[in-house]
Structures are given as C-alpha cells and as structure tokens.
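# Working through the structure, step by step
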Amino acid sequence: MNEIALRPGTPDDFPALLQMFDDAVAWLTARGSAGQWGTEPWSGIPLQVERVREMAGSNRLQVAEVDGVPAGVSITQGTCPRHVPSSGEPEIYLGLLLISRRFGGLGVGGRLIANVFDEARQSGVGLVRVDCWAGGDGNLVRYYESQGFTRTVQFEVEVRNAPWIGQVFELRLD
C-alpha cells in the first residue's frame, strides 16, 4: 500500500495544483458534471490561474503526497466564505479539497480530512464545515457524508451566468 504523507504547501506547488484543477475539469466534463467547474481547463483562464496561484501561496495549504508525488491538497480557513451562512461559532472551514485523478480511490481525501479534524482539535475548535457543488450525480455530496459530515443548508450563487447550488456540511468533534 502506498504511504500518504502530508506537508505544508508552498508557492512551488502552483504547477501541480493547476494541473490537478485541469485534470478535475476534464474528468468532471467527461462525466457530465461540467456544472461544477466548467468545461475549460483552468490553465487557460487568467482569472482562475491567478486564483490557483493565490491558493498555492496560502499558509494553510496542505499537500498530500503518495511516493513523493503531489496527490491532493486542502486549504482551511477560520471562517466560512461570504456565500455560506455563518455558523455563529468558532469553526474550521475546509475551503478546498482536491485530489489528483491519478490517485483517486487511495484514501488521499480521507487523509486530508482527518488532518483537518486534527487541526480543529489542536485549535480547540469543535466544528468543521465544508461545502460542495450539490449538482451532478450527487456523488460529491455522498462522499462528504461518507466522511462523517452531516448536511445542513443549501445556497445558490451565480457562476458563469447560471445558478450554482451548493451544499453545506458540518461535523462536530467530541
């Protein structure tokens, strides 16, 4: 079994992160789920390239590696994004969870999520929340439920001149 190692991300992770987004867009589009992130590779959209560059520069970026190769990433934040209703209490918000398609099914996402739970416990925070696209075949929603999260509210934002429906989840730590 391949070992999953975690390390803090750095700006040098930008190329790998951008490739993960491009691969995810192609995979989602092929599955009929283009509504999540569109159909165009993010490397061809200057606004998205800059967004990914900012992610790579985040001091809360975690990189999961399998055999020394970036296999997934997560970014946490101390508050929810503005499009999500506030919880009204301290929380760790999982703002990004992205797994390289090459490493799908190896438990990389679960390892990154477990690290988020550890971060919350170490910070004395009892609530972890995340949101995802609620469309498509529902597999993403079911994935977060399989990781122990419970559905809370849905929200709608305008993306590419169309409604984008998101699902918020929470998990309360003991």
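Here the structure is a predicted model, which is why all the values come from computation and not from measurement. (Residues numbered from 1 in each chain as written. Predicted model: local features only at pLDDT ≥ 70, side-chain atom pairs only at ≥ 80, totals over all residues. Heavy atoms only, no water.)

### Remarks on the overall build of the chain
To keep it simple, the criterion reads: The way it works is that DSSP assigns letters per residue, a run of H or I at least four long becomes a helix, a run of E at least two long becomes a strand, and they are numbered from the N terminus. Radius of gyration: over C-alpha atoms. The globule rule applied is 2.2 Å multiplied by the number of residues raised to the 0.38 power. The rule is simple: take the accessible area with a 1.4 Å probe, protein chains only, and divide by the maximum for that residue type; under 20% is buried, over 50% is exposed, in between is partly exposed. We call two residues in contact whenever any of their non-hydrogen atoms come within 4.5 Å of each other.
A count of helices and strands for the chain gives 4 helices and 7 strands. Mapped in sequence order, the helices and strands of the chain form the string β-α-α-β-β-β-α-β-α-β-β. Relative to its length of 174 residues, the chain is compact, with a C-alpha radius of gyration of 16 Å against a globular reference of 16 Å. Each principal axis of the C-alpha distribution contributes one length, and for the chain these read about 40 × 40 × 30 Å. Out of the 174 residues belonging to the chain, those deemed buried represent 43%. Intrachain contacts of the chain at a sequence separation of at least 6 include 62% that bridge at least 24 residues.

### Let's talk about the pattern of salt bridges
Definition in use: Note on definitions: salt bridges are taken to be side-chain nitrogens of Lys or Arg within 4 Å of carboxyl oxygens of Asp or Glu.
Inspection of every chain in the model, using the stated rule, returns 10 salt bridges. Two residues, Arg53 and Glu50, come together in a salt bridge whose shortest N-O distance is 3.9 Å. Taken together, the residues span about one helical turn, with Arg53 and Glu50 both in helix H2 (residues 46-56) at a distance of 3 residues. What makes Arg53 partly exposed here is its relative accessible area of 42%. For Glu50, a relative accessible area of 38% gives the class partly exposed. Glu145 is paired through a salt bridge with Arg151; the nearest N and O atoms lie 2.6 Å apart. What makes Arg151 partly exposed here is its relative accessible area of 44%.

### Things to note about the nonpolar core
For soluble globular proteins, nonpolar side chains are generally found buried alongside one another. Threshold: By convention a nonpolar core is built from buried Ala, Val, Leu, Ile, Met, Phe, Trp, Tyr and Cys residues, the set being connected through side-chain atoms within 4.5 Å.
One finds Val108, Val128, Tyr144 and Phe149 to be the most contacted residues of the largest nonpolar core, which totals 25 residues. Looking at this core, the elements that each hand over two or more residues are strand E2 (61-66), strand E4 (92-99), helix H3 (108-123), strand E5 (127-133), helix H4 (139-146) and strand E7 (162-172).

### Things to note about H3
Note the threshold: Take the residue count of a helix, subtract one, and multiply by 1.5 Å to get its expected span.
The terminal C-alpha atoms of H3 lie 23 Å apart, and with 16 residues this matches the ideal 22 Å at 1.5 Å per residue to within 8%. Along H3, the residues that are buried comprise Val108, Gly109, Leu112, Ile113, Asn115, Val116, Phe117 and Ala120. Directly after H3, the chain includes Gly124, whose backbone phi takes a positive value near 75°.

### So, the sheet that holds strand E3 (residues 69-77)
We count it as follows: A pair of strands counts as paired when DSSP detects no fewer than two bridges linking them. Only the stretch in contact is used when fitting a helix axis, every axis being a line fitted to C-alpha atoms; angles between N-to-C directions are given from 0 to 180 degrees.
What the 7 strands build is an open sheet, ordered E1-E2-E3-E4-E5-E7-E6; its pairing is mixed. The outermost strands of the open sheet, each flanked by one partner alone, are strand E1 (4-8) and strand E6 (150-159). Put simply, the sheet's adjacent strands are angled 30° from each other on average, direction ignored. Sheet topology places E3 next to E4; 6 bridges connect them, and they run antiparallel. Looking at the pairing, Ile75 lines up with Leu96 of E4. This element, H4, spans E4, E5, E6 and E7 of the sheet and lies at about 165° to E5.

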